[in-house]
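Notes for the structure review
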Amino acid sequence: MQTVTRFAPSPTGRLHLGHAYAALFAADRAARTGGRFLLRIEDIDRSRCRTEFEAGILEDLAWLGLEWEEPVRRQSDHMADYAAALASLDERGLLYPCFCTRREIEAAATAPHGPEGAPYSGICRALTGAERAMRLARGDAYALRLTEDDTVVARKDIRTSYHLAVVVDDALQGVTLVTRGADLAFAVPIQNRLQRLLGLPVPAYEHHPVLTDADGRRFAKRDRALTLVSLRESGVSPDAVQARIRCSGGVF
Ligand code: GLU
């Protein structure tokens, strides 16, 4: 069977070595079966994304020697798909509105922070119908959460969330293997739950180590010197980047 993989960066900065590893890993997994490698631009948070970074992603990946299928899926062009998934969950009574601010969530948290911040104490899940109706009528801003586990499926400012957009896109794009860094392993059970509730196919998952620098720190957008564009400008070749990734733990 041919594997369909994707690389799904957010255009919030230039790509660095960690992104290069993730992209090469996904492309390699597709190539092993003569499968397909897709690119997806995860730009639902328009306030953090910039079109020049999107152009930079395409430029850097092409420089690395990667080829992907056109058209590239850009999440902000597909808000209607996420709205349809939300409506399906809402119609079945699986969601509740959450009016909490980030500060209220943090203040009420009794367990340590997880990968997505403070765990939600469930304040708004416990609101009475009358309280809920009053706040909605008053026009209070609200996120939407899954009643069965409090996962946010629509943010207050954006009518989708990372998890919802990813499961809808992976299904619509026919992705059969999701490859990502081990830092996103926590997302699998959350995304599996959404796939089950939405009746979507469940892809396979494979996590790769998160690439770190010589001091064991993970690459981040702040490490300007290690962006692909600065490596390129300082005369480093794509082959040298690939070699560096392979010897710093990149297993592919
Ligand atoms: N857009 C996410 C990121 O930049 C990756 C999401 C995913 O692969 O599911 O880390």
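The rules behind these values
Residues numbered from 1 in each chain as written. Predicted model: local features only at pLDDT ≥ 70, side-chain atom pairs only at ≥ 80, totals over all residues. Heavy atoms only, no water. Pairing = 2+ DSSP bridges. Helix = DSSP H or I, 4+ residues; strand = E, 2+ residues; numbered from the N terminus. Contact = heavy atoms within 4.5 Å. Axes fitted to C-alpha atoms, helices over the stretch in contact; angles between N-to-C directions. Near = heavy atom within 4 Å. Polar contact = N/O pair within 3.5 Å; in protein donor to acceptor, adjacent residues only side chain to side chain. Areas by Shrake-Rupley, 256 points an atom, 1.4 Å probe, with all protein chains shown as cover. Nonpolar A, V, L, I, M, F, W, Y, C, P; charged D, E, K, R; others polar. Salt bridge = Lys/Arg side-chain N within 4 Å of Asp/Glu carboxyl O.

Remarks on the sheet that holds strand β3 (residues 73–74)
Strand order in the open sheet made by the 3 strands is β1-β2-β3, with parallel pairing throughout. What marks the edges here is a single partner per strand, and that holds for β1 (4–7) and β3. In the packing of helix α2 (residues 51–64) onto the sheet, contacts are made with β1, β2 (36–41) and β3, and the angle to β2 comes to roughly 155 degrees.

Overview of the site of the ligand
Taken together, the neighbourhood of the ligand is formed by Arg6, Ala8, Ser10, Glu42, Tyr162, Val166 and Arg180. The contact in question runs from an oxygen atom of the ligand to an N or O atom on the side chain of Arg6, over 2.7 Å. In the model, a nitrogen atom of the ligand is placed 2.7 Å from a nitrogen or oxygen of the Glu42 side chain. For the ligand, the protein covers 74% of the area, taking 300 Å² as the surface of the free molecule. Its residues assigned to classes, the shell around the ligand shows 3 nonpolar, 1 polar and 3 charged.

What to know about the pattern of salt bridges
It is possible for side chains of opposite charge to pair when their charged atoms get near one another. Using the criterion set out here, one finds 27 salt bridges in the structure. With a shortest N-O distance of 2.9 Å, Asp60 and Arg14 are connected by a salt bridge. One end of the pair, Asp60, is in helix α2; the other, Arg14, is in the loop between β1 and α1 (17–31), and 46 residues separate them in sequence. Two residues, Asp157 and Arg155, come together in a salt bridge whose shortest N-O distance is 3.2 Å.

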